[in-house]
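Okay, here's what each chain looks like letter by letter:
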There are 2 protein chains.
Amino acid sequence: MKNIVLLICCLLWNIVLVAQIPKKPNIITFIVDDMGWTDAFNPNYHTPNMAKLAKLGVKFSHAYATPVCTPTRTSFLSGMNAAHHGVTNWTSPIKDENSDATDQQFSPSSWKINGLSPKEYTSYPQILKQAGYLTIHVGKAHWGAAGTPQANPYNLGFQVNIAGHAAGHPQSYYGKDNYGNLPGKVSLQAVPDLEEYHGSAVFLTEALTLEAIKSLETPIQNKQPFYLNLAHYGVHTPIQADERFFQKYLSAGLDSAEAKYASLVEGVDKSLGDIMAYLEEKKVDGNTIILFMSDNGGLSLAPARGKKAHVQNLPLRAGKGSVYEGGIRIPMIVKWPGFAPMNMVADQYIMAEDLFPTILQMAKLKDVKTLQALDGKSMVPFLKDPNLKDADRVLVWHYPNKWIDQDGPGINYKSAIRKGNLKLVYDLRTGQKELYDLSQDTAEQFDLASKQPAQCNQLTQLLKSYLSQHQSPMPVDRKTGKVVEIL
Amino acid sequence: MKNIVLLICCLLWNIVLVAQIPKKPNIITFIVDDMGWTDAFNPNYHTPNMAKLAKLGVKFSHAYATPVCTPTRTSFLSGMNAAHHGVTNWTSPIKDENSDATDQQFSPSSWKINGLSPKEYTSYPQILKQAGYLTIHVGKAHWGAAGTPQANPYNLGFQVNIAGHAAGHPQSYYGKDNYGNLPGKVSLQAVPDLEEYHGSAVFLTEALTLEAIKSLETPIQNKQPFYLNLAHYGVHTPIQADERFFQKYLSAGLDSAEAKYASLVEGVDKSLGDIMAYLEEKKVDGNTIILFMSDNGGLSLAPARGKKAHVQNLPLRAGKGSVYEGGIRIPMIVKWPGFAPMNMVADQYIMAEDLFPTILQMAKLKDVKTLQALDGKSMVPFLKDPNLKDADRVLVWHYPNKWIDQDGPGINYKSAIRKGNLKLVYDLRTGQKELYDLSQDTAEQFDLASKQPAQCNQLTQLLKSYLSQHQSPMPVDRKTGKVVEIL
């Protein structure tokens, strides 16, 4: 009898052991390209799935990216600030081609024009992959120029790559255009890998969603944890009508450019909804984390966008390319079932590089060795308690590049730093400083530099020491040949 | 004391249980495009790795494919004969475009010009994937036209696809040409997904090998069984010099076209060697099956090849496109460590569709349900005992298509059937029959049709009933509008 009891205990213990193998959560980063902070919750746009996600998770009211895409995407993967990793501007698909516009005052800084080599860092998809995750990239990659390892998502930790390459936008969103792959008309922006939909009416956003869902079938069936980076090309230029939604916005009175833009936004919202519905159908939604975000502020250049320039992200100032809030503040919603509360807003300011330690902590991967020192901080404390605040955190933006021919608000050769509610904007051309209190002045209209010189100086010194510590690229004065210094 | 003994027994039993989980073998199909039966063991070419593989495995002396690529590749994946699956010719990358050349006598047959839909069959990669394999396709796909599901290897059971699409050959083998992706010069044959090597000196064969090796890193590390279909674009046209080997063959006296071809062959041989070396380095060679083969006979058209036409596969008659042995007999070597003997030759005739049941048997997957009825037979008995023979097996080739403008030897509108050593070649244009005894007449020079009318008639009836059973596509007479009948 005793023996039988012992045998049963032994068998039960086996069951306990098996049950104790920690179940890794599935993780999805859902990245929209160029979607502004105000686009996700804009009454002009129909985005019920973003609203649903916010109800199921935590919305960050002060999430930040860099002013343009490649620096943000590199910060995501590396956990490094752009001033540290050195890819401060978007990368050309052509190797050794500097994407900076020509400038009279400055010759280009020594930023990493081809992107960050995988030899210089350990990406978190690489770590997830080694921990048994199937790592999948679908959509826009844009981590580096063709002819370099970073052009290829496989070298950055992804086992599966669908439609990601060296280009930063699609040649066309239309299946009837083969997404750009029409013989005789092909540019470097022709989207690869989607031949199944060539000649069809399937819009690019939809094709990527269908492929993303397909890619999840096997890991779900085989109970392998997955990491999916669904990085939409939408809502980047070319701003083309997604015909499924376009007419509705025209009828609502939006101008043609804005109706097209709205149709792109609704297309990615539908994609988010389709992904969520699929997870529910497969009964894995309870074990799947979704991190929804953009890679920079909304485009505010006209005539690409409708209306006049720089008003599209109101109440935020300016847009993509700028270090003002319109260029860097992004929508971010995180659904973490069982760990983060639902329907809460976290006001802590966080930044692109925080994704790296956050995801590893969510996946319960500790003591991970990386080639690089991380700048990002885990968002997990703020996810578990959205009321938590850290006013000592310092965030830095560094854009020592010329994005467009004409300088605009916060655009071209600008840096910025935020600590607590204070944000310093530093003009690398002139040394001019602006200081804003974001708790009182979301729109950055009231420059406090002359009123609060001590704080202004303190932030300047912090910025200077941060850039100096990381040997950040700086523009070079054409006349003197000297590198710009923060003063 | 008794209790402790029982406890130890229990623990030991657990160890036994874990050890008994059958270890799935890794499987690699290494497919060379258009490589002839005599190319693998040709003293004119330097192919030490093919020779090494043959020493470690079983070489099939009578392995067959269809006369061109898509039908063979479809037979691989579906386990069906081309007369059954209906994709009897190569598929154009353009949807609904019939690749058949125009003919005065016949209008085209109702073959599946866009390829076989995945809705019509269950592929073995799909089955392997569901059994926990990571399924990887690298290189040429060519299972169907763009705009159809079969253009996309993901729909055919592959989780990973690198460089496979709707096209049947590369626009260029050269990294300096971006494998065809030069703006303004891009054709439908531009090879996708290899931007990392654009602008470099890396030859396409080498780039695919590097990517294939990369794709194996994670499954090997995570002890996940893998299936790799490394399907080289080499040695298909455009016959371009692989500069690593070209000069050697010129110096050896080959003409320029043949020296280029030889350099392509040596390039795939090096690839095979690199894969084998990698498996050895990772200590998984003992649990990895390699099936090396071509997809049809060697090209024998001039001036693409050097010399005069149709002599490149001697002693076999004709070449690619023909139902004579030069067009359909392929090199095949199988290394199956621990299960198949080393350095043996199996003379049993086998065919492309046999790959399907063979691979599933090797992977110990039994009672598998498929949408289609299989025509293929497992090669496992012949692998375990290469001396085994089955003279009752019937093989059928059916090519009711016009491959090239001018009819050639065994080329355009031909069918054939083999049983034992006898092979009937049937001309769909004229109803003419030829009969060869392959045991005496490898070169198909001695037509026995008039000497052995009974056998000739028996094989004709077998062919007729096979085609009728599968409702195989047949050419249509332009004058009468009637479908050709075997008489």
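Note on numbering: residues in each chain are counted from 1, in written sequence order. Each chain is given a letter, starting from A, and each ligand a number, starting from 1, according to the order in which they appear as written. Where local features are concerned, this predicted model is filtered to residues with pLDDT of at least 70; where side-chain atom pairs are given and counted, the filter is 80 or more; whole-chain, interface and lining totals use all residues. The side-chain figures draw on all heavy atoms in the structure; neither hydrogens nor water molecules are used.

**With respect to the overall build of chain A**
Here is step 1: Numbering of helices and strands starts at the N terminus; helices are DSSP runs of H or I of at least 4 residues and strands are runs of E of at least 2. Looking only at helices and strands, one finds twelve helices and 14 strands in chain A.
Here is step 2: Expected size for 487 residues packed as a compact globule is a radius of gyration near 23 Å; at 23 Å, chain A falls within 12% of this value.
Here is step 3: Taking the principal axes of its C-alpha atoms as reference, chain A extends roughly 90 × 55 × 45 Å.
Here is step 4: The proportion of buried residues among the 487 residues of chain A is 63%.
Here is step 5: In chain A, the share of contacts with a sequence separation of at least 24, taken over all contacts with a separation of at least 6, comes to 70%.
Here is step 6: Each accessible area value is a Shrake-Rupley result obtained with a 1.4 Å probe; residue values ignore everything except the protein chains displayed when judging cover. Accessible area of chain A: about 18,000 Å², with a carbon and sulfur share of 56%.
Here is step 7: Two residue types count as positive, namely Lys and Arg, and two as negative, namely Asp and Glu; His and chain ends fall outside the count. Lysine's charge is taken at NZ, arginine's at CZ, aspartate's at CG and glutamate's at CD. Charge separation in chain A, taken as the distance between the mean sites of 48 positive and 45 negative side-chain charges, equals 5 Å. The quantity called the radius of gyration is restricted to C-alpha atoms. Its globule counterpart is 2.2 Å times the number of residues to the power 0.38. Only protein chains enter the area calculation, which uses a 1.4 Å probe; residues under 20% of their type maximum are buried, those over 50% are exposed, and those in between are partly exposed. Every residue pair with non-hydrogen atoms within 4.5 Å of one another is taken to be in contact.

**As for the interface of chain B and chain A**
Here is step 1: Each side of the interface is counted separately: chain B has 40 residues, and chain A has 40 residues.
Here is step 2: Accessible area, probed at 1.4 Å, shrinks when two parts are joined; the buried area is that loss added up over both. A buried area of about 3,300 Å², summed over both sides, lies between chain B and chain A, and 49% of it is on carbon and sulfur atoms.
Here is step 3: Counting the surface chain B buries against chain A, the share from its top three residues, Tyr 154, Glu 195 and Glu 196 of chain B, is 16%.
Here is step 4: Basic side-chain nitrogens of Lys or Arg form a salt bridge, by our definition, when they fall within 4 Å of a carboxyl oxygen of Asp or Glu. Our count for the chain B to chain A interface comes out at zero salt bridges.
Here is step 5: Distance and chemistry together define a polar contact, namely a pair of N or O atoms within 3.5 Å, with one atom able to donate a hydrogen and the other to accept it when in protein, and with adjacent residues in sequence counting only for side-chain atoms on both sides. Between chain B and chain A we count 20 residue pairs in polar contact (both at pLDDT 80 or more) in total.

**Considerations on the domain arrangement of chain A**
Accessible area lost upon the coming together of the parts is a frequently used measure of interface size.
All names here are of chain A.
Here is step 1: When the domains of chain A are assigned, the result is domain 1 (22-388) and domain 2 (395-477).
Here is step 2: For the domains described, the bounds stem from an automatic or database domain assignment. Each of domain 1 and domain 2 has a C-alpha centre, and these two points are 25 Å apart.
Here is step 3: In this complex, domain 1 contributes 44 residues to the contact, which on the side of domain 2 involves 42 residues.
Here is step 4: Carbon and sulfur atoms supply 57% of the area buried between domain 1 and domain 2, which totals about 3,700 Å² over both sides.
Here is step 5: Those elements that provide at least two residues to the side of domain 1 that touches domain 2 are strand E2 (58-64), helix H4 (82-85), strand E3 (106-107), helix H9 (325-328) and strand E9 (344-351).
Here is step 6: Ranked by the residues each element gives to the side of domain 1 that touches domain 2, the list is headed by E9, at three residues.
Here is step 7: In the side of domain 1 that touches domain 2, the residues fall into 21 nonpolar, 16 polar and seven charged. Residues are grouped as follows: Ala, Val, Leu, Ile, Met, Phe, Trp, Tyr, Cys and Pro are nonpolar; Asp, Glu, Lys and Arg are charged; all remaining types, including Gly, are polar.

**Remarks on the environment of Gln 348 of chain A**
All names here are of chain A.
Here is step 1: Along the polypeptide, Gln 348 turns up in strand E9.
Here is step 2: Linking Gln 348 and Asn 81, residues 267 residues apart in sequence, is a C-alpha distance of 18 Å.
Here is step 3: If sequence neighbours within four positions are ignored, Gln 348 has contacts with Phe 60, His 62, Phe 382, Leu 388, Lys 389, Asp 390 and Arg 393.
Here is step 4: In this structure the side chain of Gln 348 is engaged in a polar contact, spanning 2.6 Å, whose partner is the backbone nitrogen of Asp 390.

**Brief notes about the sheet that holds strand E8 (residues 329-335) of chain B**
Residue and element names in this part refer to chain B.
Here is step 1: Taking strand neighbours across the sheet as the criterion, the eight strands line up as E5-E4-E6-E1-E7-E8-E2-E9 in an open arrangement whose pairing is mixed. A single partner strand is all that each edge strand has here, and the edge strands are strand E5 (160-162) and strand E9 (344-351). For this sheet, the mean angle separating the axes of adjacent strands, direction not counted, is 15°.
Here is step 2: Pairs of strands are assigned from DSSP output, requiring at least two bridges between the strands. In terms of strand pairing, strand E2 (residues 58-64) meets E9 through six bridges, oriented parallel. Residue pairing in the sheet places His 62 in a bridge with Tyr 349 of E9.
Here is step 3: Lines fitted to C-alpha atoms define the axes, with helix axes restricted to the stretch in contact, and inter-axis angles between N-to-C directions lie between 0 and 180 degrees. Along the sheet face, helix H2 (residues 48-56) touches strand E7 (288-294), E8 and E9 and points at about 60° away from the line of E8.

**Regarding the sheet that holds strand E1 (residues 26-32) of chain A**
Two orientations exist for strands paired in a sheet by backbone hydrogen bonds: parallel and antiparallel.
Residue and element names in this part refer to chain A.
Here is step 1: Across the sheet, eight strands lie side by side as E5-E4-E6-E1-E7-E8-E2-E9; this open sheet has mixed pairing. Edge positions in the sheet fall to strand E5 (160-162) and E9, since each of these pairs with one other strand and no more. Direction aside, neighbouring strands of the sheet carry axes that sit 15° apart on average.
Here is step 2: With respect to the sheet, helix H10 (residues 355-362) is in contact with E1, strand E7 (288-294), strand E8 (329-335) and E9, its orientation differing from that of E7 by roughly 170°.

**Thoughts on the packing of helix H6 (residues 204-221) of chain A against helix H8 (residues 256-281) of chain A**
Residue and element names in this part refer to chain A.
Here is step 1: Contact pair H6 / H8: the axes reach a minimum separation of 10 Å and the direction vectors enclose 15°. Our classification of the angle between H6 and H8 gives roughly parallel. Handedness of the H6/H8 crossing: right-handed. Taking contact as the criterion, the partners of Thr 205, Glu 206, Thr 209, Ala 212, Ile 213, Leu 216, Glu 217 and Ile 220 in H6 are, on H8, Gly 267, Val 268, Lys 270, Ser 271, Asp 274, Ile 275, Tyr 278 and Leu 279.
Here is step 2: Tallied by class, residues from the contact of H6 with H8 come to eight nonpolar, four polar and four charged. Oblique is the label for any angle not under 35 degrees, not over 145, and not in the 65 to 115 range, which are roughly parallel, roughly antiparallel and roughly perpendicular in turn. In this scheme, a crossing is called left-handed if the near helix is turned counterclockwise away from the far one by less than a right angle; it is called right-handed if the turn is clockwise.

**As for the environment of Val 380 of chain A**
All names here are of chain A.
Here is step 1: Summarising the element assignment, Val 380 is placed in helix H11 (residues 380-384).
Here is step 2: Residue Val 380 is classed as buried on the basis of its relative accessible area, which comes to 3%.
Here is step 3: It is 16 Å that separates the C-alpha atoms of Val 380 and Leu 56, two residues lying 324 residues apart in sequence.
Here is step 4: Once you skip the residues sitting within four places of it in the chain, Val 380 turns out to touch Trp 336, Thr 358, Gln 361 and Met 362.

**Details of the packing of aromatic side chains**
All names here are of chain B.
Here is step 1: Aromatic pairing here means that ring centres of Phe, Tyr or Trp (its six-membered ring) are within 6.5 Å. Orientation follows from the plane angle: under 30 degrees is stacked, over 60 is edge-to-face, and everything else is tilted. Counted under the stated rule, the structure contains 25 aromatic pairs over all chains.
Here is step 2: Seen from their ring centres, Trp 143 and Phe 158 are 5.9 Å apart, and the 25° between their planes marks the pair as stacked. Note that Trp 143 is positioned in the loop between strand E4 (134-139) and E5 and Phe 158 in the loop between E4 and E5, a separation of 15 residues in sequence. Each member of the pair Trp 143 and Phe 158 is classed as buried.
Here is step 3: Consider the rings of Phe 158 and Tyr 227, whose centres lie 6.0 Å apart with planes at 25°: the pair is stacked. Of this pair, Phe 158 sits in the loop between E4 and E5 while Tyr 227 sits in strand E6 (residues 226-231), placing them 69 residues apart in sequence. Grouping residues by exposure puts Phe 158 and Tyr 227 together as buried.

**Focus: the pattern of salt bridges**
Here is step 1: All told, the structure shown has 44 salt bridges over all chains when counted by the stated rule.
Here is step 2: With its nearest N and O atoms 3.3 Å apart, the salt bridge here joins Asp 33 of chain B to Arg 73 of chain B. Pair noted here: Asp 33 of chain B is in the loop between strand E1 (26-32) and H2 and Arg 73 of chain B is in helix H3 (residues 69-78), with a separation of 40 residues, a long-range link. Of the two residues examined, Asp 33 of chain B and Arg 73 of chain B, each falls in the buried class.
Here is step 3: Between Arg 244 of chain B and Glu 206 of chain B there is a salt bridge, and its shortest N-O distance comes to 2.5 Å. Here Arg 244 of chain B, found in the loop between E6 and helix H7 (246-251), pairs with Glu 206 of chain B, found in helix H6 (residues 204-221); they are 38 residues apart in sequence, far enough to count as distant.
Here is step 4: Residues joined in a network through salt bridges with shared partners are Glu 206, Asp 242, Arg 244, Lys 270 and Asp 274 of chain A.

**Some words on the UniProt feature "domain: Sulfatase N-terminal" (unreviewed entry) in chain A**
Here is step 1: Under the UniProt annotation, the feature "domain: Sulfatase N-terminal" (unreviewed entry) is placed at residues 25-363 of chain A.
Here is step 2: Measuring from the first to the last C-alpha atom of residues 25-363 of chain A gives 6 Å, for a span that is 27% helix and 16% strand. UniProt positions are given in the numbering used here, feature names are shortened, and annotations may be inferred rather than shown by experiment.

**Here we look at H10 of chain A**
Here is step 1: Counted residue by residue, H10 of chain A has seven buried out of eight residues, so it is predominantly covered.
Here is step 2: At the C-terminal side of H10 of chain A, Lys 364 of chain A shows a positive phi close to 60°.

**Some words on the relation of the copies chain B and chain A**
Here is step 1: Least squares is used to superpose the copies, and the fit set is the C-alpha atoms of residues whose pLDDT is at least 70 in both copies. Taken as rigid bodies, chain B and chain A are interconverted by a rotation of 180° and an axial shift of 0.0 Å, the fit giving an RMSD of 0.0 Å. As the rotation angle and translation indicate, the two copies are arranged about a two-fold axis.
Here is step 2: Looking at the interface residues of chain B, 100% of them are also at the interface in chain A, so both copies use one shared face.

**Description of unusual backbone geometry**
Here is step 1: Of note, the bond from Thr 237 of chain A into Pro 238 of chain A is cis; its omega dihedral lies within 30 degrees of zero at 0°.
Here is step 2: Along the chain, Pro 238 of chain A turns up in the loop between strand E6 (226-231) and helix H7 (246-251).
Here is step 3: The phi dihedral of Lys 364 of chain A falls on the positive side, at around 60°, and the residue is not glycine.
Here is step 4: As for its placement among the helices and strands, Lys 364 of chain A is situated in the loop between H10 and H11.
Here is step 5: The class of Lys 364 of chain A is partly exposed, set by a relative accessible area of 43%.
Here is step 6: The phi dihedral of Asp 193 of chain B is positive, around 80°, even though this residue is not glycine.
Here is step 7: Structurally, the position occupied by Asp 193 of chain B is in the loop between E5 and H6.
Here is step 8: Under the relative-accessibility criterion, Asp 193 of chain B is labelled buried at 16%.

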